[in-house]
Amino acid sequence: MTLSTCLLLATALFSVGIYGLLTRRQVMAVLLCVELMANAANICFVAFSRFRGGVTGQVFASFSIAITVAEVAVGLAIVILLYRTRGDTRLDLASEMKE
Amino acid sequence: MDAVGFAIVALCMLVSASYVVRAANLIHAVLWLGVTLLTTAALYAMLGASFLAGVQALVYVGGVVTLMIFGVMITRKHDGLVVPADSGSPARGALVGGSFFALVAVAIRATPGLDVDVAAKAITPADLGRAFLGDQVLAFETLSVLLLGAMVGAIVIARRHDPGAPRRALGSRSSPVAARTAPEEARS
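Residues numbered from 1 in each chain as written. Chains lettered and ligands numbered in written order. Predicted model: local features only at pLDDT ≥ 70, side-chain atom pairs only at ≥ 80, totals over all residues.

**Remarks on the overall build of chain A**
Moving on, step 1. Secondary structure assignment for chain A yields 3 helices and 0 strands.
Moving on, step 2. The secondary structure elements of chain A, listed N-terminal to C-terminal, are α-α-α.
Moving on, step 3. In terms of C-alpha radius of gyration, chain A reaches 17 Å, well past the compact-globule figure of 13 Å for 99 residues.
Moving on, step 4. Principal-axis analysis of the C-alpha atoms gives chain A an extent of 50 × 25 × 15 Å.
Moving on, step 5. Considering only contacts within chain A whose residues lie at least 6 apart along the sequence, 47% involve residues at least 24 apart. (Helix = DSSP H or I, 4+ residues; strand = E, 2+ residues; numbered from the N terminus. Rg over C-alpha atoms; globule rule 2.2 N^0.38 Å. Contact = placed C-beta atoms within 7 Å.)

So, in structure tokens, the structure goes:
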């Protein structure tokens, strides 16, 4: 377990997230893929903190976790609003912001 | 031993992540995301970040996955436990994701001095707490305000829009709501 293997693992996770982001059509599934990608970024923070020393990496990882939770809350609110106004949460149907 | 554990964790993480993006049932995808986040917590523990491992298990697996299941359940169109995920063609996703991975992997391999072993001392939760309330206190407080704003914003966005709400009736007399309620008040 070295820094470069940890970074490779995080990159692989991020790429899987990109794949899902581009293939999924449901808004909820896209939110799941964004979670995967944020998780990959957090792994990088923690890996640098472990192999380069210093507490800042872990501090940033915890800040990033909190920001992701806020993003999920707002994202879910938008998805619910979308469902209420259109009755469907497919992304290609939601191409304009107005009702 | 360390390498074997890392390989097992990495394998579980990537397999469950591929199920997250490929599962035909959205609820299964959310549950697989829970597995991915748990293996990430295990990886944090292996990297010596015990506090973050606990936070990951509590906040992500306990909170975010539950929220996601609620979201999937609320926005489904059909009854029953199967929520179709409706994936598009895999070609462009595989192309972009694969080329991104190849690019960054080459960059990681080409970076000199990445695997130089630095004697890093273990980070205890006490160190993290001192960093939160010491050097990083401004970011910490800003983050609390951000969380408050996100929660209030989520409630405002998702609130059921009620045309008969009292706020509308307080408007000017020319508004349709006021015009409709005025004769009823006169009658009573």
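**Examining the overall build of chain B**
Moving on, step 1. Broken down by element type, chain B carries 8 helices and 0 strands.
Moving on, step 2. Sorting the 188 residues of chain B into buried and exposed places 20% on the buried side.
Moving on, step 3. Residue pairs at least 24 apart in sequence account for 50% of intrachain contacts in chain B once pairs closer than 6 positions are excluded. (Buried ≥ 20, exposed ≤ 12 C-beta atoms within 10 Å, placed from the backbone.)

**Concerning helix α1 (residues 3-23) of chain A**
Moving on, step 1. Here α1 of chain A spans 31 Å end to end across 21 residues, near enough to the 30 Å set by a 1.5 Å rise per residue.
Moving on, step 2. Of all 21 residues in α1 of chain A, 18 are buried, a share of seventy percent or more. (Expected span 1.5 Å × (residues − 1).)

**Things to note about the domain arrangement of chain B**
Moving on, step 1. Each assigned domain of chain B is listed here: domain 1 (1-121) and domain 2 (124-161).
Moving on, step 2. Of note, the centres of domain 1 of chain B and domain 2 of chain B, computed from C-alpha atoms alone, are 24 Å apart. (Domains from an automatic or database assignment.)

**Here we look at the environment of C12 of chain B**
Residue and element names in this part refer to chain B.
Moving on, step 1. Summarising the element assignment, C12 is placed in helix α1 (residues 2-22).
Moving on, step 2. Assessed through the 16 C-beta atoms surrounding it within 10 Å, C12 is described here as partly exposed.
Moving on, step 3. When the C-alpha atoms of C12 and T40 are compared, they prove to be 9.6 Å apart, with 28 residues separating the residues in sequence.

**Description of the packing of helix α3 (residues 56-86) of chain A against helix α6 (residues 137-158) of chain B**
Moving on, step 1. As a packed pair, α3 of chain A and α6 of chain B sit with axes 8 Å apart at the nearest point and diverge in direction by 10 degrees. Between α3 of chain A and α6 of chain B, the angle is such that the two are roughly parallel. Seen from α3 of chain A, the contacting residues are F63, A66, I67, A70, A73, V74, A77, I78, I80 and L81 of chain A; seen from α6 of chain B, they are A139, L143, L146, L147, A150, M151, G153, A154, I157 and A158 of chain B.
Moving on, step 2. When the residues that make up the contact of α3 of chain A with α6 of chain B are grouped by side-chain class, the tally is 19 nonpolar, 1 polar and no charged. (Axes fitted to C-alpha atoms, helices over the stretch in contact; angles between N-to-C directions. Parallel < 35°, antiparallel > 145°, perpendicular 65-115°, else oblique. Nonpolar A, V, L, I, M, F, W, Y, C, P; charged D, E, K, R; others polar.)

**Comments concerning the nonpolar core**
Moving on, step 1. A10, L13, M28, L32, I43, V46 and A47 of chain A are the most contacted members of the largest nonpolar core, which has 63 residues in total.
Moving on, step 2. For this core, the secondary structure elements donating two or more residues are α1, α2 (27-52) and α3 of chain A together with α1, α2 (26-46) and α3 (50-74) of chain B.
Moving on, step 3. Top element by residues in this core is α2 of chain A. It accounts for 15 residues.
Moving on, step 4. Not counting residues within four places of it along the chain, the set of residues in contact with L13 of chain A comprises L36, N39, A40 and I43 of chain A together with M13, L14 and A17 of chain B. (Core = buried A, V, L, I, M, F, W, Y, C linked by C-beta atoms within 7 Å.)

**Points about the packing of α1 of chain A against α1 of chain B**
Moving on, step 1. Contact geometry of α1 of chain A with α1 of chain B gives a least axis separation of 9 Å together with a crossing angle of 5 degrees. As judged from the angle between their axes, α1 of chain A and α1 of chain B are roughly parallel. Residues L9, A12, L13, V16, Y19, G20 and T23 of chain A of α1 of chain A pack against A10, M13, L14, A17, S18, V20 and V21 of chain B of α1 of chain B.
Moving on, step 2. Residues that form the contact of α1 of chain A with α1 of chain B fall into these classes: 11 nonpolar, 3 polar and no charged.

**Here we look at the interface of chain B and chain A**
Moving on, step 1. Contacts between the two partners involve 71 residues from chain B, matched on the other side by 59 residues from chain A.
Moving on, step 2. Residue assignment for the side of chain B that touches chain A shows that the elements contributing at least two residues are α1, α2, α3, α4 (90-110), α5 (125-133) and α6 of chain B.
Moving on, step 3. Top element by residues in the side of chain B that touches chain A is α4 of chain B. It accounts for 12 residues.

**Points about the confidence of the model for chain B**
Moving on, step 1. Looking at chain B, the pLDDT average stands at 83 and 81% of residues meet or exceed 70.
Moving on, step 2. Confidence over residues 168-185 of chain B falls short of pLDDT 50; this stretch has 9 contacts with residues more than four positions distant or in other chains. (pLDDT = per-residue confidence, 0-100.)

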